[in-house]
Amino acid sequence: MEEKLNWEQTSFQEMIKKASLYRHPLANHLMDPEVQKDSGEDDDDGTVVAEIMRRCFVPAFVTTIPWEGFHFAGHEIRINEATDCYGAVVWPSALVLCYFLETNVKQYNLVDKNVIEIGAGTGLVSIVASLLGAHVTATDLPELLGNLQYNISRNTKMKAKYLPQVKELSWGVALDENFPRASTNFDYILAADVVYAHPFLEELLITFDHLCKETTIILWVMKFRLEKENKFVDRFEQLFDLEEISSFPSLNIKLYKAMKKNQKNACYPQRRMWKAKAISGRLLL
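Per chain, residues are indexed from 1 in the order of the written sequence. For a predicted model such as this one, the threshold for reporting local features is a pLDDT of at least 70, and the threshold for listing and counting side-chain atom pairs is 80 or more; totals across whole chains, interfaces and linings nevertheless cover every residue. Only hydrogens and water are removed before side-chain values are computed, so all heavy atoms of the structure are retained for them.

## Examining the sheet that holds strand E5 (residues 135-140)
So, point 1. Pairs of strands are assigned from DSSP output, requiring at least two bridges between the strands. Strands here are runs of E lasting at least two residues and helices are runs of H or I lasting at least four, both read from the DSSP assignment and numbered beginning at the N terminus. A sheet is described by the order of its strands in space; here 7 strands give the open sequence E6-E5-E4-E7-E8-E10-E9, paired in mixed fashion. What marks the edges here is a single partner per strand, and that holds for strand E6 (165-168) and strand E9 (240-248). Each strand axis lies, on average, 20° off the axis of its neighbour in the sheet, ignoring direction.
So, point 2. One ladder, built from 4 bridges, connects strand E4 (residues 114-118) with strand E7 (residues 188-192); its direction is parallel. In the strand pairing of E7, Ile116 is matched with Ile189.
So, point 3. Contacts were defined at the residue level, with two residues in contact if any of their heavy atoms lie within 4.5 Å. All axes here are fitted lines through C-alpha atoms, helices being fitted over the stretch that makes contact, and every angle between N-to-C directions spans 0 to 180 degrees. Together, E4, E5 and E7 form the strand contacts of helix H6 (residues 124-131), whose direction differs from that of E5 by roughly 175°.

## What to know about the pairing of E6
So, point 1. Pairing of E5 with E6 involves 4 bridges; the strand directions are parallel. In the sheet register, Asp140 faces E6, and the bridge partner there is Glu168.
So, point 2. In this fold, the crossover linking E5 to E6 by way of helix H7 (residues 145-156) has right-handed handedness. A crossover counts as right-handed when, viewed with the strands pointing away from the observer, the path leading from the first strand over the helix to the second turns clockwise.

## Some remarks on the packing of aromatic side chains
So, point 1. Here a pair means two rings of Phe, Tyr or Trp (six-membered ring of Trp) with centres within 6.5 Å. Their orientation is stacked below 30 degrees between planes, edge-to-face above 60, and tilted elsewhere. One pass over the structure, following the stated rule, counts 11 aromatic pairs.
So, point 2. Judged by centre distance (5.4 Å) and plane angle (85°), the rings of Phe208 and Phe236 are edge-to-face. A residue pair is termed long-range when its members are at least 10 positions apart, and Phe208 in helix H9 (residues 201-211) and Phe236 in helix H10 (residues 227-236) qualify at 28 residues.
So, point 3. Burial status follows relative accessibility: with a 1.4 Å probe on protein chains alone, a residue under 20% of its type maximum counts as buried, one over 50% as exposed, and anything between as partly exposed. Classification of Phe236 as buried rests on a relative accessible area of 0%.
So, point 4. Cation placement over rings: the criterion is NZ of Lys or CZ of Arg within 6 Å of the ring centroid and within 35° of the ring normal. Its end group placed over the ring of Phe179, Lys167 keeps NZ or CZ at 4.3 Å from the ring centre.
So, point 5. It is Lys254 that lies over the ring of Phe224; its NZ or CZ is 5.4 Å from the centre.

## Looking at the pattern of salt bridges
So, point 1. A pair is scored as a salt bridge if a Lys or Arg side-chain nitrogen falls within 4 Å of a carboxyl oxygen belonging to Asp or Glu. Overall, the coordinates contain 11 salt bridges when judged by the stated rule.
So, point 2. The partner of Lys161 in a salt bridge is Asp112, with the nearest N and O atoms 2.7 Å apart. Here the residue Lys161 occupies a position in the loop between H7 and E6, and Asp112 occupies one in the loop between helix H5 (92-103) and E4, the gap between them amounting to 49 residues.
So, point 3. What makes Lys161 exposed here is its relative accessible area of 53%.
So, point 4. A salt bridge links Asp241 to Lys261, with the shortest nitrogen-to-oxygen separation between them at 3.1 Å. Highlighted residues: Asp241 in strand E9 and Lys261 in the loop between strand E10 (253-260) and strand E11 (277-279), separated in sequence by 20 residues.
So, point 5. The class for Asp241 is partly exposed, based on a relative accessible area of 43%.

## Thoughts on the side chain of Thr139
So, point 1. By the secondary structure assignment, Thr139 is in strand E5.
So, point 2. Classification of Thr139 by relative accessible area gives buried; the value is 0%.
So, point 3. Excluding anything up to four places from it in sequence, Thr139 contacts Ile116, Glu117, Ile118, Gly119, Ala120, Leu148, Lys167, Leu169 and Phe179.

## Digging into the sheet that holds strand E2 (residues 67-72)
So, point 1. Strand order in the open sheet made by the 3 strands is E1-E2-E3, with antiparallel pairing throughout. Since the sheet does not close on itself, it has two edges, and those belong to strand E1 (56-57) and strand E3 (75-80), each with one partner.
So, point 2. Bridging between E1 and E2 involves 2 bridges; their strand directions are antiparallel. In the strand pairing of E2, Cys56 is matched with Phe70.
So, point 3. Along the sheet face, H5 touches E1 and E2 and points at about 20° away from the line of E2.

## Considerations on H5
So, point 1. Multiply 1.5 Å by the residue count of a helix minus one, and that product is the helix's expected span. Here H5 contains 12 residues, and its C-alpha end-to-end distance of 17 Å stays within 8% of the 16 Å for a straight helix at 1.5 Å per residue.
So, point 2. For H5, the buried fraction is high: 11 of the 12 residues fall into the buried class.
So, point 3. The set of residues buried in H5 consists of Pro92, Ser93, Ala94, Leu95, Val96, Leu97, Cys98, Tyr99, Phe100, Leu101 and Glu102.

## Quick look at the environment of Leu219
So, point 1. Tracing the backbone through its elements, the reader meets Leu219 in strand E8 (residues 217-223).
So, point 2. Residue Leu219 is classed as buried on the basis of its relative accessible area, which comes to 0%.
So, point 3. The spatial distance from the C-alpha of Leu219 to the C-alpha of Ala258 is 6.7 Å, given a sequence separation of 39 residues.
So, point 4. Among residues more than four places away in sequence, those in contact with Leu219 are Leu97, Phe100, Leu101, Tyr108, Tyr188, Ile189, Leu190, Ala191, Ile245, Tyr256 and Lys257.

Taken by themselves, the reported measurements are silent on function.
Here it is in C-alpha cells:
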C-alpha cells in the first residue's frame, strides 16, 4: 500500500513538472548549471533570453492535450503540441524569431506584406506575423497540417487583418506546380530551426531559391548543433547574401537576414534526379 502511494505521489509530481514552465526546452537549457555558470559572459544575451521566456506560460492544470501559451503582438497565443513529432513542438528558435518580429516592427514592417513560413510546425511564427498585419502562407509536411491549421485558426480568427493560408510544402517537391515562379511573389520568407539532422538540406536550399525573388528578404533563425548542419550556412552563402543580425551564445542560436545574390555571382545547386513518393507523409528517395 505504501509503495503504491509513493508511486502515485511520484507520478503526480512528474505530471506537475511536465505542466510547469520548466517543461519548455528553452527553460531547461537556462537551468543547466553550465549555462548558469557562463551566463555572465554575455549580459545582453541573458537579458534578451530572459525577456523571451517571460512571454511563455503554461496551463495551471494538467490537460489531456499538451499546449503552451505565449504573449506576442499584444495577444495571448495558445499552441497545441504533440511530443511524438519534431515539427509539432515549439522550439527556442521560433521564440527568438517571434520576439525579433515584434520588437523590430519599424525596420521590418509586415503590414500588408506577403509572407511565407517554411517548416511552420505548430504555426507560432506564422501566427505572430499574421497578428502583425502580414498576409501569411504557413507551410509544412502533410502530416503536420491538421494541427497547424487548428493553431492558426484558433489564434488569428477575428484577430488578424488577413486569415493565414495553410499549404503543404515538401521541400524540393513539385515547386513549379504548387508555387509557380510567375505568380509567386513573397516579400518575406520566415524560417526557424529548419536546419538540423535531416537528409533534405539540398532540397531545402532549392526551396529557398525557388521562393525567393530579388527583393525578397529571408529572416532565418538557426540553432547550431552538428558540423553537417553548420556547413549548410556555407552552402547557403553561395546563393544568398547573408547577414548575421543577432546572436544568442547561451542557446547556440543565430538570427540571419538574407537576400538573393546577383545571378552572375550565385552558384546554383544541381537538382537531384529523384522520384518522390509520399508514404505516411514522409518522402523516400
